[in-house]
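Structural characterization, general
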Amino acid sequence: QVQLVESGGGLVQPGGSLRLSCAASGFTFSSYAMSWYRQAPGKERELVATIGNIGTTNYAASVKGRFTISRDNAKNTVYLQMNSLKPEDTAVYYCNARYPVPTRAYWGQGTQVTVSL
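Since the model is a prediction, treat every value here as computed from it, not as a measurement.

Next up on the list: the overall build of the chain. Summing up its helical and strand segments, the chain has zero helices and eleven strands in all. Helices and strands appear in the chain in the N-to-C order β-β-β-β-β-β-β-β-β-β-β. Radius of gyration (C-alpha) of the chain: 14 Å, near the 13 Å computed for a compact globule of 117 residues. Principal-axis analysis of the C-alpha atoms gives the chain an extent of 45 × 25 × 25 Å. Taking all 117 residues of the chain together, 40% fall into the buried category. Here the contacts in the chain between residues at least 6 apart in sequence split such that 54% fall between residues at least 24 apart. When the accessible surface of the chain is summed, it comes to about 6,200 Å², and 49% of that surface belongs to carbon and sulfur atoms. Between the centroid of the 11 positive side chains of the chain and the centroid of its 6 negative side chains there is a distance of 6 Å.

Time to look at the pattern of salt bridges. Within this structure, the stated rule accounts for three salt bridges. Across the pair E46 and R38 runs a salt bridge, and its minimum N-O distance is 2.6 Å. On the basis of relative accessible area, E46 is assigned to the partly exposed category, the value being 35%. Note that R38 and D89 form a salt bridge whose closest N and O atoms lie 2.9 Å from each other.

With that settled, the discussion passes to the pairing of strand β7 (residues 67-72). Burial of the side chains of β7 is restricted to one face: F67, I69 and R71 are buried, whereas none of T68, S70 and D72 on the reverse face is. Here β7 runs beside strand β8 (residues 77-82); their pairing, made up of six bridges, is antiparallel. Each bridged residue has a counterpart across the sheet, and for I69 the counterpart in β8 is L80. Between the end of β7 and the start of β8, which pair antiparallel, lie four residues, with N76 showing a positive phi angle near 55 degrees.

Where strand β1 (residues 3-7) lies against strand β3 (residues 18-25), five bridges are found, and the strand directions are antiparallel. Counted as the bridge partner of Q3 is S25 from β3. With six bridges joining them, β3 and β8 adopt antiparallel strand pairing. Across the sheet, the residue bridging to A23 is T77, located in β8.

This part takes up the state of the cysteines. According to the stated counting rule, one finds one disulfide in the structure shown. Two residues, C22 and C95, share a disulfide whose sulfurs are 2.1 Å apart. When the S-S torsion is -80 degrees, as for the bridge of C22 with C95, the disulfide is left-handed. Of this pair, C22 sits in strand β3 while C95 sits in strand β9 (residues 91-99), placing them 73 residues apart in sequence. Pair check on accessibility: C22 and C95 agree, each one buried.

Thresholds applied
- Residues numbered from 1 in each chain as written.
- Predicted model: local features only at pLDDT ≥ 70, side-chain atom pairs only at ≥ 80, totals over all residues.
- Heavy atoms only, no water.
- Helix = DSSP H or I, 4+ residues; strand = E, 2+ residues; numbered from the N terminus.
- Rg over C-alpha atoms; globule rule 2.2 N^0.38 Å.
- Buried < 20%, exposed > 50% of the residue type's maximum accessible area, 1.4 Å probe, protein only.
- Contact = heavy atoms within 4.5 Å.
- Areas by Shrake-Rupley, 256 points an atom, 1.4 Å probe, with all protein chains shown as cover.
- Lys, Arg positive; Asp, Glu negative; His and termini not counted.
- Charge placed at Lys NZ, Arg CZ, Asp CG, Glu CD.
- Salt bridge = Lys/Arg side-chain N within 4 Å of Asp/Glu carboxyl O.
- Pairing = 2+ DSSP bridges.
- Disulfide = S-S within 2.5 Å.

See below:
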């Protein structure tokens, strides 16, 4: 049974930091590209960051230089270190696993991040 379980969300003040974790099970984690998406109220889900199975990373322009995605294949876990948080980073953050061919994609249940005074 495939599971992606996010943790680490919460309430933080502007300028603060959080680290999100996503623990994966039920599939060959090291073969999958892992991503973090987010969805703010009233907005579409957007891609935040991706790390390929060999460690290549990509970031949305809005988070580049502030967020860092990483993975630990031994622990089947992907992380998102978020620094210099802004109110506009407030959203539900989702973990995603993707295998290109044949296409498979899995989602976590999401974790709320709120940046506010």
